[in-house]
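Breakdown of the fold
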Protein chains: 2
Amino acid sequence: MSVVYGYLGSMKARSGHRDEVVEILTGGADGLRAAGCHLYVVGVSESDDQTIWVSEVWDSKEHHDASLQLPETRAAIARAMPMLTGEFDSHEIAVVGGLGVPVAND
Amino acid sequence: MSVVYGYLGSMKARSGHRDEVVEILTGGADGLRAAGCHLYVVGVSESDDQTIWVSEVWDSKEHHDASLQLPETRAAIARAMPMLTGEFDSHEIAVVGGLGVPVAND
């Protein structure tokens, strides 16, 4: 069974700032492919107006960690951080299959 | 901004049964496309040996809800349920963009 790295994370935007944070998060998505990212899904909670979820699939944990050091990623984090409450939650997973993920049909 | 329905869920398998549950979850993945599913990522926690995460993107909440009533889905749930602890967590999101998701480049 192939194993690919998955990262599920949530954050909360300060009141009124969620759309701006979402724009920052989605704005750099196209560039992630070259960094080893297969999927990067950004979504907002339907039960409150603060929570943002990201669901990511990467070649490896090392690729994900390295991406956080890219200049464009660091700049995006620096822009978003003041608009966040500081409440984060994250889960690391080994992706084992599914539909639309690289391991599924390899 | 397009909106697509996302579902993030976790469950816990009884000790020693996680691989069996993962096989049930991933076994029917190919059939989900016809039901309106774009992404269905199954992953296992790397910090314990019980937790399973699913990260899903669907055409709409209605498509997701309807899929739970399909005979093959109901059969899979019936097979998996005795191997689960009963601890579930889930989050519904509006998918707003990213990489590898249908809304991103539409």
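First, a word on what this report is: a plain description of the structure on this page. (Residues numbered from 1 in each chain as written. Chains lettered and ligands numbered in written order. Predicted model: local features only at pLDDT ≥ 70, side-chain atom pairs only at ≥ 80, totals over all residues. Heavy atoms only, no water.)

**Remarks on the interface of chain A and chain B**
- With 34 residues of chain A in contact, the opposing surface of chain B contributes 34 residues.
- Summed over both sides, the interface between chain A and chain B buries roughly 2,700 Å², with carbon and sulfur atoms accounting for 69% of that surface.
- Taken as a group, E46, W53 and L99 of chain A account for 24% of the area that chain A buries against chain B, more than any other trio of residues on that side.
- For the interface between chain A and chain B, the tally reads 11 residue pairs in polar contact (both at pLDDT 80 or more).
- Secondary structure elements with two or more residues in the side of chain A that touches chain B: β1 (4-13), α1 (18-27), α2 (29-32), β2 (37-45), β3 (51-58) and β4 (84-99) of chain A. (Contact = heavy atoms within 4.5 Å. Buried area = accessible area lost by both parts, 1.4 Å probe. Polar contact = N/O pair within 3.5 Å; in protein donor to acceptor, adjacent residues only side chain to side chain. Helix = DSSP H or I, 4+ residues; strand = E, 2+ residues; numbered from the N terminus.)

**As for the side chain of S55 of chain B**
- Counting through the fold element by element, S55 of chain B comes out in strand β3 (residues 51-58).
- Take S55 of chain B: its relative accessible area is 9%, and that puts it in the buried class.
- There is a polar contact of 2.6 Å between the side chain of S55 of chain B and the side chain of S55 of chain A.
- Among all residues touching S55 of chain B, those that are not within four sequence positions of it are L8 and S55 of chain A together with Y7, L8, L39, Y40 and V41 of chain B. (Buried < 20%, exposed > 50% of the residue type's maximum accessible area, 1.4 Å probe, protein only.)

**Side note on the sheet that holds β3 of chain B**
- With respect to topology, eight strands assemble into a closed barrel ordered β1(A)-β3(A)-β2(A)-β4(B)-β1(B)-β3(B)-β2(B)-β4(A), the strand pairing being antiparallel. Averaged over all neighbouring strand pairs, the angle between strand axes comes to 35°, with direction disregarded. (Pairing = 2+ DSSP bridges. Axes fitted to C-alpha atoms, helices over the stretch in contact; angles between N-to-C directions.)

**Structural notes on the relation of the copies chain A and chain B**
- Rotating chain A by 180° about the axis while translating it 0.0 Å along that axis superimposes it on chain B, leaving an RMSD of 0.0 Å. The superposition of one copy onto the other is thereby described by a two-fold rotation axis. Rotation axis and chain A: the residue whose C-alpha lies nearest the axis is S55 of chain A, separated from it by 3.6 Å.
- A share of 100% of interface residues in chain A that are also interface residues in chain B marks the association as one of identical surfaces. (Least-squares fit on C-alpha atoms with pLDDT ≥ 70 in both.)

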